[in-house]
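Geometric and topological summary
Read off the chains here:
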Amino acid sequence: MRSLLVLIDGLGDDPIASWQGKTPFEYAEHLYMDKLLQQGTLGEASICEDDIVPESCSCILRLLGVSKEDTPKNRAYLELLPHGRDISEYEMVLRCNLVAVDASGKLIAFNGRGLSPVEMKAASEACNDILKDVEFIHLSEYRNLLILNKEQKILQCPIPPPHESVGENMAELLGALRACSLSMRYLLEEAEARLAGFARQGWHYGLYPWGPSVRKRLPSFQSLHGKQGALICKAEIVAGMGYALGMEVIMPPGATGETDTDLLAKARATVDCLQRKDFVLAHFNGSDEAGHRRNPQEKADFIARIDREFLGYVLEKVQEPLKIIICGDHITSSVTGKHSRGKVPVIAAYTNKKLHKVMYSYKNILNFLMKECD
């Protein structure tokens, strides 16, 4: 029996006071998920538990069966792989956000707020040749990568994630990075000057390098589970996991990694992959982005769209027996905008028979998807 993991990034959330304490998942309308529950179960599980960081890289790799010891410390290297680029053992790669800063120097947005995707690309292009020995790669929207020679001081430098640091002073957040690297100091100062023309009333833009990582090899999905797997996604980090694990990676046209993603395109790609692969993971990143924006209504609406436009299509088109898990990877609070530990909803079902076992840990989820006899 084939397996499908529908991974709604940041699905877990805090209770919303104006919704009588309901979370966005509880508040959202999800008729097809409810239909699955008529023959399946609804449980809760902590994917990160108390031993890994509550973020997508470590949590999703755990759900794919990768051990904590094999999980990269930071994710930038994996985000590089979907762009046909690799690094040597003598290089390192950092994530680099285009961020918005107000007149007092406070970080007001980690995601280029106020700029269109076209403008974000232009802003990134304005910064791509600041240093000859630093390669600047624009990924999508506010996301960029920096490749440079490995510097141990940068690898050990404490740099707070920008999405966890909104409202704090930008100079203080990147103070340690400026102090340990003259090249990073120059990059930040020159970027601020080059981005002056993109300024809006009340705020300007800058670069925020963070999350340095080095080359990291992962075991293949086939060797871990004896199965052929595929990933349907847009987020670079998830695609990078697929490439690193030797899985088929499909990034459908119209997929954006945001709440405006083309869900029907993802549904069609998922149905096609389920004809060829033992296991398919369909990933949805927009829920995490809405949580970071502290917008519970946007998150609930996106969950409802996933149910209606993606899950409804898949359940209609896939006729053969199927094992399905619908869950999140971690909590992304629509109250604080931050990731946190805690349990996320887990729907588990067969499409052809009743399931009575509740999933209460990531090990249950893995066993159900990869090991349990049909």
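Residues numbered from 1 in each chain as written. Predicted model: local features only at pLDDT ≥ 70, side-chain atom pairs only at ≥ 80, totals over all residues. Heavy atoms only, no water.

Once that is clear, we can look at the state of the cysteines. Covalent bonding between the sulfur atoms of two cysteines is what defines a disulfide. All chains considered together, the criterion is met by zero disulfides. Unpaired in terms of disulfides, Cys59 finds its nearest cysteine sulfur in Cys48, a separation of 4.9 Å. You can see Cys127 has no disulfide; the closest cysteine sulfur is in Cys96, sitting 7.8 Å from it. For Cys127, a relative accessible area of 1% corresponds to the buried category. (Disulfide = S-S within 2.5 Å. Buried < 20%, exposed > 50% of the residue type's maximum accessible area, 1.4 Å probe, protein only.)

According to the stated counting rule, one finds five aromatic pairs in the structure shown. Judged by centre distance (4.8 Å) and plane angle (75 degrees), the ring pair of Phe284 and Phe310 falls under edge-to-face. Here Phe310 lies in helix 14 (residues 296-317) and Phe284 lies in strand 10 (residues 279-284), a separation of 26 residues in the sequence. Residues Tyr350 and Phe368 carry aromatic rings whose centres are separated by 5.3 Å and whose planes lie at 65 degrees to one another, so their mutual orientation is edge-to-face. Remark: Phe368 occurs in helix 15 (residues 362-371) and Tyr350 occurs in strand 14 (residues 344-350); sequence separation between them is 18 residues. When its relative accessible area of 4% is taken as the criterion, Tyr350 is described as buried. The residue whose ring lies beneath Arg113 is Trp203, and the NZ or CZ to ring-centre distance is 5.3 Å. (Phe/Tyr/Trp six-rings, centres within 6.5 Å; stacked < 30°, edge-to-face > 60°. Helix = DSSP H or I, 4+ residues; strand = E, 2+ residues; numbered from the N terminus. Lys NZ or Arg CZ within 6 Å of the ring centre and 35° of its normal.)

Ordered in space as 2-14-11-1-10-8-9, the seven strands form an open sheet in which the pairing is mixed. Each edge of the open sheet carries a strand with a single partner, namely strand 2 (41-45) and strand 9 (248-250). On average, adjacent strands in this sheet sit at an angle of 20 degrees to one another, irrespective of strand direction. Examined bridge by bridge, strand 1 (residues 2-8) and strand 10 share six bridges and lie parallel to one another. What sits directly across from Leu7, in strand 10, is His283. (Pairing = 2+ DSSP bridges. Axes fitted to C-alpha atoms, helices over the stretch in contact; angles between N-to-C directions.)

Let's shift gears to the layout of surface pockets. Roughly 550 Å³ of internal volume is contained in the largest pocket. In this structure, the largest pocket is lined by 25 residues; those nearest its centre are Val53, Glu55, Lys73, Asn74 and Pro161. Mapped by element, the contributors of at least two residues to the lining of the largest pocket are helix 3 (56-63) and strand 7 (203-213). A total of three residues in the lining of the largest pocket trace back to one element, the largest contributor, which is strand 7. Class assignment for the residues of the lining of the largest pocket results in 12 nonpolar, six polar and seven charged. (1 Å grid on protein atoms, 1.4 Å probe; cavity = no way out; pocket = protein on both sides within 12 Å on 5 of 7 lines; lining within 4 Å. Points joined across faces, edges and corners; volume = space filled by probe spheres on them. Nonpolar A, V, L, I, M, F, W, Y, C, P; charged D, E, K, R; others polar.)

This brings us to the nonpolar core. Ranked by internal contacts, the top residues of the largest apolar core, which has 54 residues, are Leu5, Leu78, Phe279, Ile325 and Ile365. Here this core takes six residues from helix 15, the largest share from any one element. Leu78 has contacts with Cys57, Leu61, Pro72, Leu218, Glu236, Ile237, Gly240, Met241 and Ala244, leaving out every residue within four places of it along the chain. (Core = buried A, V, L, I, M, F, W, Y, C linked by side-chain atoms within 4.5 Å. Contact = heavy atoms within 4.5 Å.)

For the rest of this paragraph, the subject is the pattern of salt bridges. The tally for this structure, following the rule as stated, stands at 21 salt bridges. Salt-bridge contacts for Asp86 lead to Arg215; the nearest nitrogen and oxygen are separated by 3.8 Å. With a gap of 129 residues between them, Asp86 in the loop between helix 4 (76-80) and strand 3 (91-102) and Arg215 in the loop between strand 7 and helix 10 (221-225) connect regions that are remote in the sequence. Residue Arg215 is classed as partly exposed on the basis of its relative accessible area, which comes to 37%. The structure contains a network of salt bridges with shared partners spanning Glu55, Arg75, Glu79 and Arg95. (Salt bridge = Lys/Arg side-chain N within 4 Å of Asp/Glu carboxyl O.)

Bringing the pairing of strand 11 (residues 322-327) into the picture now. Among the six residues that make up strand 11, six are buried, leaving the element largely enclosed by the rest of the structure. Neither face of strand 11 is exposed, since Leu322, Ile324 and Ile326 on one face and Lys323, Ile325 and Cys327 on the opposite face are all buried. Bridge count between strand 1 and strand 11: six bridges; the pairing is parallel. If you follow Leu7 over to strand 11, its bridge partner there is Cys327. When strand 11 meets strand 14, the two strands line up antiparallel, connected through five bridges. Bridge pairing in strand 14 places Ile325 opposite Ala348.

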